[in-house]
Amino acid sequence: MTDFDPEWELATRAIRVGHARSQEGEHSEPIHMTSSFVYRSAAEAAARFSGEEPGNIYARFTNPTVRTFEQRLAAMEGGECCVATASGMSAILATCMGLLAQGDHLVSSRSIFGSTVVLFDKYLSRFGIQTDYVDLADLAAWEAAIRPQTKMLFVETPSNPLTALGDIQALADLAHAHDCLLVVDNCFCTPALQRPLELGADVVVHSATKYIDGQGRALGGAVVGDRQRVGEEVFGVLRTAGPSMSPFNAWLFLKGLETLELRMQAHSANAQSLAEWLAQHPAVERVHYPGLASHPQFELAQRQQKAPGGILAFEVKGGREAAWQVIDATRMLSITANLGDTKTTITHPASTTHGRLSEEQRQAAGVGQGLIRVAVGLEAIDDIRGDLARGLDAL
Ligand SMILES: *Cc1c(COP(=O)(O)O)cnc(C)c1O
């Protein structure tokens, strides 16, 4: 990693880490759109390839713009190493391929990103890695699911769409007591609001596609952790299998990191305001948001996160018909399942992200037909509220 002052706070790291200015004296970070690199001599090429000498070789695993992004995100998460990937899903895949082997067992929160469930159940299982799912807030269930073969605990907190929390510190202690790793998908909070490694987690994975970009432009991911597990094992998978981040996307993401803390605070402030308004609306039965005192884990959210984040869910009276009516009455909000954008998005989980579950599974997951999820963007809060009020007031 390029030198940086360990005293630097997050906002400074987000802006200053990772860029070694070239002989051109450029102020903004350059985009190195090059797949290969040239050596001054045959001996230098040999030294690079053998690993005797550090430096660029080939952009599948060494590119200066990607490296700038990796060093910056590592510094923000407080990790030794970061490996950037083509998407959030390839970050999770590379983590599993690098750190698990045939016969290993995985314990995961039940409330994780849908494609992660498919990755675990359909694909990892083909290679002899079995997964069991538990309720993310039930520590006793996590402990009961651990077997001698268990190597990894996997959690996403807050969960989607109900914003339930996993206690990262308690899960890290549990993992380490059983010789397991704790992997945290930190997509919803980002290091601006939550730093799992400081709470004892071993590895953090990201979908940079969401808040790190923050403007819905590009697909990317990252894995952050120590030198051995991430710098050697996960990096080895990336180097060999090649789910690598494009230098252009790395440049978008590293410019995204520069404003991440400001944006996450603004997303949280808008979401808090919207949650409080929804909680007193007569057509709303219940609001799920970690910033409300009514949230069952309000205390944990205060302890674990710097702010409650930009995502909330609420239940309207009248089931699916009423929920669709509210969604269809909006004129500004985007009807899409994506999140982590400046633009506010609204979605009906029961018929989209959770649409493939049986009614029984959906009930167990707490995703009722009247549930609506909002990923609150950065438009003026009065306009977001006004757009939702149209449908809600008509119920
Ligand atoms: C979107 C998302 C992913 C997958 O990321 P992609 O960049 O879409 O591959 C993983 N985890 C969470 C929590 C996500 O929201």
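Counting starts from 1 at the beginning of each chain's written sequence and moves along it residue by residue. In keeping with the predicted nature of the model, local features appear solely for residues at pLDDT of at least 70, side-chain atom pairs appear and are counted solely at 80 or more, and the whole-chain, interface and lining totals rest on all residues. The basis for every side-chain value is the complete set of heavy atoms in the structure, and neither hydrogens nor water enter the calculation.

Q: What exactly am I supposed to notice about the overall build of the chain here?
A: Across its full length, the chain carries 15 helices and 12 strands. The reference for a compact globule is 2.2 Å times residues^0.38; the radius of gyration itself is calculated from the C-alpha atoms. The globule rule puts the C-alpha radius of gyration for 395 residues at 21 Å, and the 22 Å found for the chain is close to it. For every residue, the accessible area (1.4 Å probe, protein chains only) is compared with the maximum for its type, and the residue is labelled buried under 20%, exposed over 50%, or partly exposed between those bounds. For the chain, buried positions account for 54% of its 395 residues. Of the contacts made within the chain by residues no fewer than 6 positions apart, 72% connect residues no fewer than 24 positions apart. Helical segments are the DSSP runs of H or I of at least four residues, strand segments are the runs of E of at least two, and each set is numbered from the N terminus. For this analysis, residues touch if any pair of their heavy atoms sits within 4.5 Å.

Q: Where do I start with the site of the ligand in this structure?
A: In these notes, residues near a molecule or strand are those with any non-hydrogen atom within 4 Å of it. Taken together, S87, G88, M89, F113, E156, D185, C187, F188, S207, T209, K210 and G220 make up the full set of residues adjacent to the ligand. Pairs of N or O atoms within 3.5 Å make up the polar contacts considered here, provided that, within protein, one atom can donate a hydrogen while the other can accept it, and that residues adjacent in sequence are counted only when both atoms are side-chain atoms. A distance of 2.9 Å is found between an oxygen atom of the ligand and a backbone nitrogen or oxygen belonging to M89. Here a nitrogen atom of the ligand and a side-chain polar atom of D185 are 2.7 Å apart. Relative to its unbound accessible surface of 380 Å², the ligand loses 92% to contact with the protein. All residues other than Ala, Val, Leu, Ile, Met, Phe, Trp, Tyr, Cys, Pro, Asp, Glu, Lys and Arg, Gly among them, are scored as polar; the first ten of these are nonpolar and the last four charged. Here the shell around the ligand is built from residues that sort into 4 nonpolar, 5 polar and 3 charged. Under the convention used here, a 1.4 Å probe and the Shrake-Rupley method define accessible areas, while residue burial counts only the protein chains that appear.

Q: Got a minute to help me understand the nonpolar core in this structure?
A: What tends to happen in soluble globular proteins is that the nonpolar side chains get buried as a cluster. By nonpolar core is meant a set of buried Ala, Val, Leu, Ile, Met, Phe, Trp, Tyr and Cys residues that side-chain atoms within 4.5 Å join together. Grouped together as the largest cluster of nonpolar side chains are 34 residues, with contacts concentrated most on F69, L73, I212, V224, F253, L257 and L260. For this core, the secondary-structure elements that each account for two or more residues are α1 (10-16), α3 (64-77), β1 (81-85), α8 (190-193), β7 (221-225), α10 (247-258) and α11 (260-279). For every domain, the bounds stem from an assignment made automatically or drawn from a database. Summarising the domain contributions, this core has at least three residues from each of domain 1 (10-258) and domain 2 (260-394). For L257, the residues in contact, after removing those within four places along its chain, are A14, F69, R72, L73, M76 and I212.

Q: Just to check I follow, could you spell out the sheet that holds strand β4 (residues 150-156) for this structure?
A: As a general point, the strands of a sheet are linked pairwise by backbone hydrogen bonds and lie either parallel or antiparallel. Strands were regarded as paired on the criterion that DSSP finds at least two bridges between them. Taken together, 7 strands build an open sheet; the order of strands is β1-β7-β6-β5-β4-β2-β3 and the sheet is mixed. Strands at the two margins of the open sheet, each flanked by one partner only, are β1 and β3 (130-134). Averaged over all neighbouring strand pairs, the angle between strand axes comes to 20°, with direction disregarded. The pairing of strand β2 (residues 105-109) with β4 spans 4 bridges and is classified as parallel. Among the inter-strand pairings, V107 is bridged to a residue of β4, identified as L153. Sheet strands touched by helix α5 (residues 114-123): β2, β3 and β4. Its angle to β3, the strand with the most contacts, is close to 140°. Axis lines are fitted through C-alpha atoms, for helices just across the contact stretch, and the angle between N-to-C directions can take any value from 0 to 180 degrees. Here helix α7 (residues 168-177) sits on the sheet and contacts β4 and β5 (181-185); the angle it forms with β5, its principal contact strand, is near 150°.

Q: Would you mind showing me how to read the domain arrangement of the chain here?
A: The extent of an interface is frequently quoted as the accessible surface area lost upon association of the parts. Assigned domains within the chain: domain 1 (10-258) and domain 2 (260-394). Taking only C-alpha atoms, the centre of domain 1 and the centre of domain 2 are 27 Å apart. Salt bridge, as used here, is a side-chain nitrogen of Lys or Arg placed within 4 Å of a carboxyl oxygen of Asp or Glu. On the surface where domain 1 and domain 2 come into contact, there are 0 salt bridges. Counting across the domain 1 and domain 2 interface gives 13 residue pairs in polar contact (both at pLDDT 80 or more). The greatest single-element share of the side of domain 1 that touches domain 2, amounting to 4 residues, is contributed by α8. Classifying every residue of the side of domain 1 that touches domain 2 by side-chain character gives 19 nonpolar, 11 polar and 5 charged.

Q: Can you walk me through empty space enclosed by the protein in this structure?
A: Picture a little ball the size of a water molecule; that probe, rolled over the atoms, points out where space is still empty. In this analysis, the protein atoms alone were mapped onto a 1 Å grid. Cavities are point sets where a 1.4 Å probe fits without being able to get out; pockets are open sets with protein on both sides within 12 Å along at least five of seven lines; lining residues have an atom within 4 Å of a point. Grid points are joined across faces, edges and corners, and a volume is the space filled by probe spheres set on the points. Counted under the stated rule, the structure contains 1 cavity of 30 Å³ or more. In this structure, the largest cavity occupies an estimated 50 Å³ of space. P158, T163, F188, C189, Y211, P290, P308, G309, G310 and I311 are the residues that line the largest cavity. By residue class, the composition of the lining of the largest cavity is 7 nonpolar, 3 polar and no charged. Taken domain by domain, the lining of the largest cavity gets at least three of its residues from each of domain 1 (10-258) and domain 2 (260-394).

Q: Please explain the pairing of β1 as it appears in this structure.
A: One face of the sheet, then the other: side chains in a regular strand alternate in exactly this way. Where burial is concerned, most of β1 is hidden: 5 out of the 5 residues are buried. Every second residue of β1 is oriented toward a common face, with C81, V83 and T85 on one face and C82 and A84 on the other, all of them buried. Where β1 meets β7, 5 bridges bridge the pair, whose relative direction is antiparallel. By the bridge assignment for β7, T85 is matched with G221.

Q: Just to check I follow, could you spell out the sheet that holds strand β12 (residues 371-375) for this structure?
A: Within the open sheet, the 5 strands sit side by side as β8-β9-β12-β11-β10. Their pairing is mixed. Here the strands that pair on one side only, and so sit at the sheet edges, are β8 (284-288) and β10 (334-335). Sheet analysis places β8 next to strand β9 (residues 311-316), joined by 4 bridges and oriented antiparallel. Bridging from a neighbouring strand, R286 pairs with E315 of β9. Against the sheet, helix α15 (residues 381-394) touches β8, β9, β11 (345-347) and β12, its axis set at about 15° to β9.

Q: Would you mind going over the side chain of D185 with me for this structure?
A: With respect to the secondary-structure elements, D185 resides in strand β5. For the purpose of counting charges, residues Lys and Arg are taken to be positive, whereas Asp and Glu are taken to be negative. His and the chain ends are not included. Of the side chains bearing the opposite charge, K210 lies closest to the buried D185, which forms no salt bridge; the N-O distance is 7.4 Å. Reaching out from D185, the side chain makes a polar contact with the backbone nitrogen of C187 at a distance of 3.1 Å.

Q: What exactly am I supposed to notice about the pattern of salt bridges here?
A: Any two side chains of opposite charge can pair, on the condition that their charged atoms come close. Per the counting criterion, the structure on display carries 18 salt bridges. R48 is the salt-bridge partner of E44, the closest N and O atoms lying 3.9 Å from each other. Of this pair, E44 and R48 both sit in helix α2 (residues 42-50), separated by 4 residues, roughly a single helical turn. Comparing E44 with R48, the two get one shared label, buried. The partner of E261 in a salt bridge is K306, with the nearest N and O atoms 3.5 Å apart. Residue E261 is located in helix α11, and its partner K306 is located in the loop between α12 (298-304) and β9; the two are separated by 45 residues in the primary sequence. Residue classification places E261 among the buried positions, given a relative accessible area of 18%. Taking the relative accessible area as the measure of exposure, K306 reaches 53% and is therefore exposed.

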